[in-house]
Amino acid sequence: MNKIYNPNKEDWEALLQRPTQTLEDIELTVNDIFSEVRSKGDVAVAKYTDLFDGIKLDNFKVSTEDIEVAKAAISSNLKDAIQLAKSNIEKFHKAQKTQRVEVTTSKGVDCWQEKRPIQKVGLYIPGGNAPLFSTILMLAIPANIAGCKEIVLCTPPDKNGEINPVILYTAALCGVDKIFKIGGIQAIAALTFGTETVPKVYKIFGPGNQFVTVAKQLATKFHVAIDMPAGPSELLVVADDTADAAFVASDLLSQAEHGADSQVILISTSEKMIEDVEKEIELQLEILPRKEMAAKSIANSKLIYLESKQLAMEIINEYGPEHFIVCTAHNDFYVENVANAGSVFIGNYTPESAGDYASGTNHTLPTNGFAKQYSGVNLDSFMKSMTFQKISEEGIRNIGPAIEIMAEAEGLQAHKNAVTLRLNKLKK
Ligand SMILES: NC(=O)c1ccc[n+]([C@@H]2O[C@H](COP(=O)([O-])OP(=O)(O)OC[C@H]3O[C@@H](n4cnc5c(N)ncnc54)[C@H](O)[C@@H]3O)[C@@H](O)[C@H]2O)c1
Ligand SMILES: N[C@H](CO)Cc1c[nH]c[nH+]1
Ligand SMILES: [Zn+2]
């Protein structure tokens, strides 16, 4: 592993580079697939499904029978676990509902703001190297609470053209029945433009690998919104001597096993903790079934020693991790001063996996430093704020003259007239 001691600030940017490809690297591929899906629809989707997923499909829609078969294949243990997670995610996201905001700004001028659901949403559920059915809970639950009318789900097929039964079971449990066996760039293209079988949506949600993430970013050029760039998983842990090295190593490995392009970082003010965590990673990695993938990610990852908590905080905010675990004697300091992170996990008994599955928070989070400007998925992601206003005769008398003066000053006579005509009528 890369161990770095007291790096100079001018080296931080290079040190904090993510190991993923970016928009510039993948843009041309995405543009080609987008224009083909836009002009040829399902035929192009089938071509790229064959190319990238290795399966020829002439029907992408999952049937009701497939869903029924899947339901019967899930153990009751797993169903119970999913139910517990569902209940916590529902509780946390329902609590995010807000009241209408209503203000009389001037006498006779009533303004209010209300939230309305986005009517058509597309959910991308990753399935390349693991069937992330937990992501369905993270997206479909808030979509339902928000009241979205049309919910469409895309997820990649396996080499036999099948979808993992747990994905189908969880989708059905969350009331999603428009499920398409399409993954990667071609799925994002289908949701953006619509095809003969896949409906076009207004907003696309969900995490994915670097191809999916760049495709989502480029989809915004075509009148579709996205939740945020939610690419290869990341974790940054800050730990001092009060942390448990085995716990820290297990957390770092939990995100490293997502893929070779995931990145995990340990920041510590204790040289001993860095040594101990390194040893623990070696031990725990050895027995992981996804050892090869995790090892590649670990090779890109870093153990960084900094001499003060202030410097540690500065580098953490510079990095803007997707997930941030705090296990130190000064947890309050880090929690109060963190400016850039997707989701924060506090204390020795708060593993990141809890947020991935069952604590109730959302696991669809900004990666690649986008935590500096984006929030993770939440109830508001599925809604728009709309404003309303109702002005009485008294109200227009109160604010009309100011509007006339401002419109005149902008040289917009028609704007002024819209008020003047009304004021004149009230004078009669
Ligand atoms: N940020 C988050 O909130 C979050 C949450 C969950 C998962 N993740 C991340 O999601 C990712 C899931 O990745 P995955 O690969 O397992 O599944 P995926 O569904 O995101 O991607 C699989 C698809 O990628 C496409 N693809 C593969 N190689 C390609 C190539 N060379 N060119 C073009 N397209 C190609 C294929 O069409 C395939 O269907 C992981 O990186 C994981 O860390 C992130
Ligand atoms: N850690 C991922 C978010 O970056 C989410 C996930 C789903 N399943 C397991 N983990
Ligand atoms: Zn995870």
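Numbering of residues starts from 1 in each chain and follows the order in which that chain's sequence is written. Chains carry letters and ligands carry numbers; both start at the beginning, A for chains and 1 for ligands, and go up in the order they are written. Restriction of local features to residues with pLDDT of at least 70 applies here, the model being predicted, together with a cutoff of 80 or more for giving and counting side-chain atom pairs; totals for whole chains, interfaces and linings are based on all residues. Only hydrogens and water are removed before side-chain values are computed, so all heavy atoms of the structure are retained for them.

**Student:** When you look at the state of the cysteines in this model, what are you seeing that I'm missing?
**Tutor:** Throughout this description, disulfide means a covalent bond between two cysteine sulfur atoms. Cysteine sulfur atoms that pair up within 2.5 Å are treated as a disulfide. Taken as a whole and assessed by the stated rule, the structure comprises zero disulfides. Looking at Cys148, it has no disulfide partner, and the nearest cysteine sulfur is the one in Cys174, 13 Å off. On the accessibility criterion, Cys148 (8% relative accessible area) is buried. The cut-offs for exposure are 20% and 50% of the maximum accessible area for each residue type, with area from a 1.4 Å probe on protein chains only; residues under the lower value are buried, those over the upper are exposed, and the others partly exposed. According to the relative accessible area criterion, Cys174 is buried, its value standing at 5%.

**Student:** Before we go on, may I ask you to explain the domain arrangement of the protein in this structure?
**Tutor:** One frequently used descriptor of interface size is the decrease in accessible area upon assembly of the parts. Annotation comment: domain bounds sourced from an automatic or database domain assignment. Domain annotation of the protein identifies domain 1 (2–20 + 232–360), domain 2 (23–227) and domain 3 (392–427). Computed over C-alpha atoms only, the centres of domain 1 and domain 3 are separated by 59 Å.

**Student:** Is there a simple way to think about unusual backbone geometry in this case?
**Tutor:** Most peptide bonds are trans, and most residues other than glycine sit at a negative phi. In this structure, Asn6 takes a positive phi of about 45° despite not being glycine. Here Asn6 lies in the loop between strand S1 (2–5) and helix H1 (12–15). Take Asn6: its relative accessible area is 31%, and that puts it in the partly exposed class. Even without being a glycine, His223 presents a positive backbone phi close to 65°. Secondary structure follows DSSP: runs of H or I at least 4 residues long count as helices, runs of E at least 2 residues long count as strands, and numbering of each begins at the N terminus. Mapped onto the elements of the fold, His223 is located in the loop between helix H9 (210–219) and strand S8 (225–226). Residue His223 is classed as exposed on the basis of its relative accessible area, which comes to 75%.

**Student:** It is not clear to me how the site of ligand 2 should be interpreted in this structure. Could you clarify?
**Tutor:** Only a single heavy atom is needed: when it lies within 4 Å of a molecule or strand, its residue is near that molecule or strand. As a matter of local geometry, ligand 2 sits amid Leu132, Ser134, Ser233, Gln255, His258, Glu322, His323, Glu352, Asp356, Tyr357 and His363. Contacts described as polar in this section are N or O atom pairs within 3.5 Å, which, within protein, must combine one atom able to donate a hydrogen with one able to accept it, while residues neighboring in sequence count only if both atoms come from side chains. Measuring from an oxygen atom of ligand 2, one finds a side-chain N or O atom of Glu322 at 2.6 Å. Reported accessibility uses the Shrake-Rupley method at a 1.4 Å probe radius. Residues are deemed covered only where the shown protein chains occlude them. Taken by itself ligand 2 offers 290 Å² of open surface, and the protein chains cover 93% of this. Throughout this entry, Asp, Glu, Lys and Arg are counted as charged residues, while Ala, Val, Leu, Ile, Met, Phe, Trp, Tyr, Cys and Pro are counted as nonpolar. The remaining residues, Gly among them, count as polar. Looking at the shell around ligand 2 residue by residue, the classes come out as two nonpolar, six polar and three charged.

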